[in-house]
Amino acid sequence: MKTNGIIRKVDGLGRVVIPREYRKLHRISLGDPMEISCLDSGEIVLKKMDMTLALEELSGEALRVLSECVSGTVLVSNLDKWLGGSGSDKGMFIGKDIPQAIKSKLMRREDYSIIDINEIGDASLRCDRRMAIVAEPIAGDGDVFGAFYVTGSDSVSERDIALIRVAAVILGNSLQKF
């Protein structure tokens, strides 16, 4: 294993500080889940957990139930891409990047609502009709993991928004345990 000369001491509670440069380089934030492994050689490996897999696994059942209850398309994303969904419009979203306008709101734990998706300004999301979209952040105590979305033709009902809000809170609390 290559070393770079940074040495940290273990404190009285067994903690080691990860240098700021490493945290910035690997986008490690306060509250991020870290996996600690010990190799047969005695080396201890510290690795940031990828929450995308946990988000996809845990959101699957929620998407199924939501799709039966809401009138539009239901989607789930991490902070980078739309991961899955259910409904007639899911194909125009899944696998595409989350537009910066939505991402910045989610990072501040704000819900996002827009009446016409064409106003987002993202060429990959151009639609030949008017489409409303509402996003609700999936957040734990310290982190935002992603969001649930619901789309509609001209608007999204208050009932549909309430349903994705409840699902987002439950999923955020579940992911917080990691």
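See the structure above.
This write-up is about the structure you can find in this document.

Conventions used here
Throughout this document, residue positions are counted from 1 along each chain, in the order its sequence is written. Totals for whole chains, interfaces and linings use every residue, but because this is a predicted model, local features are given only for residues with pLDDT of at least 70 and side-chain atom pairs only at 80 or more, for both listing and counting. In computing side-chain properties, one takes all heavy atoms of the structure into account and sets aside hydrogens as well as water. Definition used for salt bridges: Asp or Glu carboxyl oxygen within 4 Å of a side-chain nitrogen of Lys or Arg. The helix and strand labels rest on DSSP assignments: H or I over at least four residues marks a helix, E over at least two residues marks a strand, and numbering proceeds from the N terminus. Exposure classes here rest on a 1.4 Å probe applied to the protein chains alone. A residue is buried below 20% of its type maximum, exposed above 50%, and partly exposed in between. By nonpolar core is meant a set of buried Ala, Val, Leu, Ile, Met, Phe, Trp, Tyr and Cys residues that side-chain atoms within 4.5 Å join together. Contact definition: two residues touch when any of their heavy atoms are within 4.5 Å.

Scanning all chains against the criterion turns up 10 salt bridges. Of the charged contacts, one joins Asp80 and Lys103 as a salt bridge, the two residues approaching to 3.6 Å between their closest N and O atoms. Here the residue Asp80 occupies a position in the loop between β3 (74–77) and β4 (82–86), and Lys103 occupies one in helix α3 (residues 100–107), the gap between them amounting to 23 residues. For Lys81, the salt bridge identified is with Asp97, shortest N-O distance 2.6 Å. Highlighted residues: Lys81 in the loop between β3 and β4 and Asp97 in the loop between β4 and α3, separated in sequence by 16 residues. You can call Asp97 partly exposed: its relative accessible area is 44%. Salt bridges sharing common partners tie together Glu61, Arg64 and Glu68.

Take the nonpolar core next. In terms of nonpolar packing, the biggest core is built from 22 residues, with Leu55, Val76, Ile138, Phe148 and Leu175 touching the most fellow members. Mapped onto this core, the elements with two or more residues apiece are α2 (51–69), β3, β6 (132–139), β7 (144–152) and α4 (158–176). Leu55 has contacts with Val76, Ser77, Asn78, Leu83, Ile138, Phe145, Leu171 and Leu175, leaving out every residue within four places of it along the chain.

Of note in this structure, Arg109 is not a glycine but carries a positive phi near 65 degrees. Tracing the sequence through the fold places Arg109 in the loop between α3 and β5 (112–114). Residue classification places Arg109 among the partly exposed positions, given a relative accessible area of 39%.

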